Structures are given as C-alpha cells and as structure tokens.
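# Overview (structure and organization)
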Amino acid sequence: MMATDVLLILVAAMATALIILRRAELKEVGALSGMICVLSGLWGIAGIYIADFYIMTVMPVFYGTDTAMQVMADLHMYYSWFVFAASALLVLAGLVQMVFRLSRQARISRSRNNELRENESILDSIFQNLPVGLLIKDKNHIVERPNRTYVAWYGNDVEKMLGHTSDYVENFQPKEDAGVMNAQEDEVLETGRILQRQ
C-alpha cells in the first residue's frame, strides 16, 4: 500500500511540474484551465494517499496504533468517498474541457492551413505567370525556383537549374557574369538596398 501511495504522490508532483513548465503552451491552445482541473482532481486523490501515508507511518509513533487505525477507518468511511468522487468529477470536467478546446483549436488550425494553401496557390500563380523573368535563390546563390518566363528566356530545363548555382548550369550564365550577379545579390542581402539589373 505504501508503494502505491508514494507512486501516486510522485505522479501528481511530476504532473504539476510539467504543467508549470508548459503553462505558456497550454494557455496558448486553451488547455490550461482543463489541465488545472485535472491536476486538482489528481491532487485530491493524492491527498487521500498522503493522509494514508501519514496515518500509517507517523500517527502510530505519536498516538499509538489503535488511534491511527480509528483515524484510518474514519477517513475511509466518512471522507475518502467524497474526495474520490469530487476528484473524479474534476478530472472528467478537465478532460471534457480540454477535448472541446483542442478540437476547436484543431478546427481553427485546419481553416488557417486551408487559407494559407489558397494564398500560396494565388501567389504561385502570380509568380509563374508574370511576364518578367524571376529567379529565387538562397543566400548561397543556389537556385530554388525560376518562373516560367525566366525558363523560357534562357531555354533551360527547370530540373537542371534547381539546387545549383548559376555558373554551374550549362549555357545559363558565364562565370564572370555569375560572379557580378552574386556580388550584387550579396550586397542586397547585406544592405537591404534594392539594385536594378538590366
């Protein structure tokens, strides 16, 4: 019995520490109040086990075994059923609240993801259909994405361009031109100033 008491007290303490550490994330998703209800119910149950532990280990030393056994009987006959019932209701209420909050959060997240995909689709359509050649590169000058106009101007295969620097792609750009362009791109990244090329 004492091993179970200690285990439940440790579980309640670890759950408390976890909720304290993660309270910002729980609050952000609307699950903090539900977790507090669950935690309150858990501590209610743990409270009975703390009382059991005290009655079985400390009380006999100071008050004698007979008194400790009478207190233990009174605790379980008159109080523990109420504490267990109230704790179970708190845990259930907390779980129900978390389920509702998290399902609401999931609906909002799905809706935002759908809006984001729609916006990305619109932006991709604009990017691909502009009559101006556009090329997206990373900070190391590696081609991430050309638009259709850019590919048509240079007559290169998109797959050959992706993942490579301009001077690597055959018949795309002489090394000297690539060096000038890379220096200009570095300047834009460092200064934030827009440069125009012809």
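Refer to the structure printed above.
Residues numbered from 1 in each chain as written. Predicted model: local features only at pLDDT ≥ 70, side-chain atom pairs only at ≥ 80, totals over all residues. Heavy atoms only, no water.

## Notes on the overall build of the protein
Secondary structure summary: the protein contains eight helices and two strands in total. Against the compact-globule benchmark of 16 Å for 198 residues, the protein has a radius of gyration of 33 Å, which places it well outside the compact range. With the C-alpha coordinates aligned to their principal axes, the bounding extent of the protein is approximately 100 × 35 × 30 Å. Looking at the protein as a whole, 23% of its 198 residues are labelled buried. The contacts of the protein with a sequence gap of at least 6 include a subset with a gap of at least 24, amounting to 44%. Split by element, the accessible area of the protein, about 14000 Å² in all, is 63% carbon and sulfur. (Helix = DSSP H or I, 4+ residues; strand = E, 2+ residues; numbered from the N terminus. Rg over C-alpha atoms; globule rule 2.2 N^0.38 Å. Buried < 20%, exposed > 50% of the residue type's maximum accessible area, 1.4 Å probe, protein only. Contact = heavy atoms within 4.5 Å. Areas by Shrake-Rupley, 256 points an atom, 1.4 Å probe, with all protein chains shown as cover.)

## Notes on the pattern of salt bridges
Using the criterion set out here, one finds four salt bridges in the structure. Close ionic contact of R22 with E25 constitutes a salt bridge, the shortest N to O distance being 3.6 Å. Look at R22 and you get partly exposed, because its relative accessible area is 45%. (Salt bridge = Lys/Arg side-chain N within 4 Å of Asp/Glu carboxyl O.)

## Description of a nonpolar patch on the surface
A surface patch of nonpolar side chains, amounting to about 700 Å² of accessible area, comprises I122, L123, I126, L130, V132, W153 and Y154. For the nonpolar patch, the secondary-structure elements that each account for two or more residues are helix 5 (65-129) and helix 6 (148-154). Broken down by element, the nonpolar patch gets its largest block of residues, three residues, from helix 5. Looking at where W153 falls in the secondary structure, it is placed in helix 6. (Patch = residues over 30% accessible without salt bridge, like charges linked within 9 Å, V, L, I, M, F, W, Y side chains within 5 Å.)

## Concerning the side chain of Q128
The topology assignment puts Q128 in helix 5. Residue classification places Q128 among the buried residues on the basis of a relative accessible area of 14%. Once you skip the residues sitting within four places of it in the chain, Q128 turns out to touch R145, P146, N147, R148 and T149.

## Points about the pairing of strand 2 (residues 143-146)
Inspection of the sheet shows strand 1 (residues 135-137) paired to strand 2 by three bridges, in the antiparallel sense. By the bridge assignment for strand 2, K137 is matched with V143. What sits between strand 1 and strand 2 in their antiparallel hairpin is a turn of five residues, with H141 showing a positive phi close to 70°. (Pairing = 2+ DSSP bridges.)

## Describing the packing of aromatic side chains
For the coordinates displayed, the defined rule picks out two aromatic pairs. Geometrically, the ring pair formed by W81 and F82 is edge-to-face, given 6.0 Å between the ring centres and 80° between the ring planes. As far as burial versus exposure is concerned, W81 and F82 are alike and both exposed. (Phe/Tyr/Trp six-rings, centres within 6.5 Å; stacked < 30°, edge-to-face > 60°.)

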